[in-house]
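Summary of the model geometry
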Amino acid sequence: MNSNELALNGGTPLCKEPLRPEPWPPVDAQTSEILRDIYFSRQWSFNSPAEQRFQTRFAQCHGAKHAIFMANGTVTLQAALSACGIGPGDEVIVPANTWMATAMAVHYVGAITVFVDVEPATLCIDPSKAEDAAGKKTKAIIPVHLYGSMCNMDDMLSLAREKNLHIIEDCAHMHGGKWKGKGAGSMGSVGSFSFQQSKTLSCGEGGICITNDDDLADRIFRIKHIGYDSNSTQGAAMTGPPPGLTCHNFRATAFQAAILDSQLDHLHQRIEKYNHNASLLSAMIEDCRGVRIQSPGLHASPQGYYGLVLIFDGPPLDSVDDKMIADAAAAEGLTFGRTYGPVYRHMLFNLHPSQYRIQAGGCPVAENQGTHRAFVLHHHWLGADDNTIEMIGRIICKIARCLG
Ligand SMILES: *Cc1c(COP(=O)(O)O)cnc(C)c1O
């Protein structure tokens, strides 16, 4: 047996046992005590002291004035769009490669989703293509800071100013990330985050909107809490919601808020570790021909990470079948995740053709590099110990060398 030969072809695998990421989400005894106390307090609903503290701290940590905690990171996008006055007859631009929620939130407010291609380097929305796609009906863009990259926010914000559009940042992958010193989600009209099980801050299910705009904050709060404003106690509203603003129940519980409030203590450290391990891996694969890492946003520091994306689109690996790459890595002991393909190709996507459009010229980057050449190591891999990180680098180099 030969360790220079791929395990897939009968060589010795680099790891005898499959590699394991850091267990996710993190748990600790102190948080379980806090949850126990909430349980016995019988105060389980929304607006708990834990929720208020978490909202304040989360807003501060991202440089925003307001934060409104909700049930998940899909309704936060819906609430953001609705608060910005977007509805039937309007169009909203979204990147082709993202999770379903980004596109579906547009549909939930009755607007048309316009899919735009992404940049090859970052796999985030291409600002020049967004500009081409923006027409008279366009009211907003939802840039998605995807995996380990931030969108070019300078270009996004200047396009928004020029065309009078709202920017709603989808930061479901970008907790703790900053662009030129500005917190993810704080740069446009509203920033939306998810706290679903897999995300970098997690309470199982949850989401939050942040904004610097007092009016938008008021509208978002009312959308979350069936029309009440944030100062009224339930049943004693002093003022009603603005006419036509459809309000919902998007509230979440004290348990979720308490978990997030403890996790937030460690976010900064966590992001530092992810950045450190991402640079170690980048350095290890720098000389491997044919594979590259999704480029972090040029001005992102620190870079938030939902995952580290590997893109096998350079010669000689650009013609190697993607399943072969995944199988080769798995045989050495490393299981890659797949990146999102274009939303409009997802098996669950069923919008009627009148409810969305794909920009003229289609989305070739999203369809090719973004789908068939890209793999993701989710952030819990970046939280792994030094030996695991070293082994991940060696596996990537070995498969690149042997498949090339
Ligand atoms: C996770 C995610 C969301 C929101 O998802 P929920 O599961 O509803 O919290 C939105 N956009 C992106 C890009 C996501 O990854």
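Cut-off values and rules
Residues numbered from 1 in each chain as written. Predicted model: local features only at pLDDT ≥ 70, side-chain atom pairs only at ≥ 80, totals over all residues. Heavy atoms only, no water. Helix = DSSP H or I, 4+ residues; strand = E, 2+ residues; numbered from the N terminus. Expected span 1.5 Å × (residues − 1). Contact = heavy atoms within 4.5 Å. Buried < 20%, exposed > 50% of the residue type's maximum accessible area, 1.4 Å probe, protein only. Pairing = 2+ DSSP bridges. Polar contact = N/O pair within 3.5 Å; in protein donor to acceptor, adjacent residues only side chain to side chain. Axes fitted to C-alpha atoms, helices over the stretch in contact; angles between N-to-C directions. Parallel < 35°, antiparallel > 145°, perpendicular 65-115°, else oblique. Left-handed = near helix turned anticlockwise from the far one by under 90°. 1 Å grid on protein atoms, 1.4 Å probe; cavity = no way out; pocket = protein on both sides within 12 Å on 5 of 7 lines; lining within 4 Å. Points joined across faces, edges and corners; volume = space filled by probe spheres on them. Nonpolar A, V, L, I, M, F, W, Y, C, P; charged D, E, K, R; others polar. Near = heavy atom within 4 Å. Areas by Shrake-Rupley, 256 points an atom, 1.4 Å probe, with all protein chains shown as cover. Sits in = over half its atoms within 2 Å of the grid points. Salt bridge = Lys/Arg side-chain N within 4 Å of Asp/Glu carboxyl O.

**Overview of helix α9 (residues 267-285)**
A rise of 1.5 Å per residue sets the reference length of α9, with its 19 residues, at 27 Å; its end C-alpha atoms lie 27 Å apart and thus fit the reference within 8%. Taken together, the buried residues of α9 touch α2 (49-61), α8 (254-264), β10 (292-293), β11 (307-311), α13 (379-382) and α14 (386-403).

**With respect to the environment of tryptophan 44**
Structurally, the position occupied by tryptophan 44 is in the loop between α1 (29-41) and α2. A relative accessible area of 39% means that tryptophan 44 is categorised as partly exposed.

**Looking at the sheet that holds β11**
If you walk across this open sheet you meet the four strands as β10-β11-β14-β12, and the pairing is antiparallel. The sheet is open, and its two borders are formed by β10 and β12 (337-338), each paired with just one other strand. In the sheet, β10 pairs with β11 via two bridges, with the strands oriented antiparallel. Following the sheet pairing, arginine 292 is matched in β11 by isoleucine 311.

**Section: the side chain of glutamate 332**
Structurally, glutamate 332 is set in helix α10 (residues 322-332). There is a polar contact of 2.7 Å between the side chain of glutamate 332 and the backbone nitrogen of alanine 7. In this structure, glutamate 332 is in contact with Glu5, Leu6, Ala7, Thr12, Pro13, Leu14, Cys15, Ile395, Lys398 and Ile399, ignoring residues within four places of it in sequence.

**What to know about the packing of helix α3 (residues 75-83) against helix α7 (residues 214-224)**
Put simply, α3 and α7 touch, their axes get as near as 9 Å, and they point 130 degrees apart. Taken together, the axes of α3 and α7 lie oblique to each other. Seen from above, α3 lies across α7 with right-handed handedness. Mapping the contact onto sequence places Ala79, Ser82 and Ala83 in α3 and Leu216, Arg219, Ile220 and Ile223 in α7.

**Quick notes on the layout of surface pockets**
Computed from the structure, the largest pocket encloses a volume of approximately 330 Å³. As for the largest pocket, its lining consists of 16 residues, and the residues nearest its centre are His66, Ala67, Ile68, Phe221 and Ser230. At the level of elements, α2, β1 (66-70) and α7 are the ones that each hand at least two residues to the lining of the largest pocket. A breakdown of the residues in the lining of the largest pocket according to their chemical character gives five nonpolar, seven polar and four charged. The calculated volume of the second largest pocket comes to roughly 280 Å³. Considering the residues around the second largest pocket, the lining is formed by 22 residues, among which Trp99, Ser194, Gln196, Lys199 and Tyr340 are closest to the centre.

**Digging into the pairing of strand β2 (residues 91-95)**
Burial runs high along β2: five of the five residues are buried. Burial along β2 is two-sided: the residues Glu91, Ile93 and Pro95 and Val92 and Val94 are all buried. One ladder, built from five bridges, connects β2 with strand β3 (residues 112-116); its direction is parallel. Its bridge partner being in β3, isoleucine 93 is matched across the sheet by valine 114.

**Description of the site of the ligand**
Around the ligand sit 16 residues, and of these Thr74, Asp170, His173, Ser194 and Lys199 come closest. In the environment of the ligand, an oxygen atom lies 2.8 Å from a nitrogen or oxygen atom belonging to the backbone of glycine 73. About the coverage of the ligand: the protein hides 92% of its 380 Å² of free accessible area. Taking a 2 Å distance to the grid points as the criterion, the majority of the atoms of the ligand fall inside the second largest pocket. In terms of residue class, the shell around the ligand is built from five nonpolar, nine polar and two charged.

**Considering the pattern of salt bridges**
One pass over the full model with this rule turns up 18 salt bridges. The salt bridge involving arginine 36 is made with aspartate 37; its shortest N-O contact spans 3.9 Å. Overall, the relative accessible area of 45% leaves arginine 36 in the partly exposed class. The class of aspartate 37 is partly exposed, set by a relative accessible area of 45%. Note that aspartate 322 is salt-bridged to arginine 338, the shortest N-O span being 3.1 Å. With aspartate 322 in helix α10 and arginine 338 in strand β12, this pair connects stretches of sequence that are 16 residues apart.

Honestly, it's all geometry; don't read function into it.
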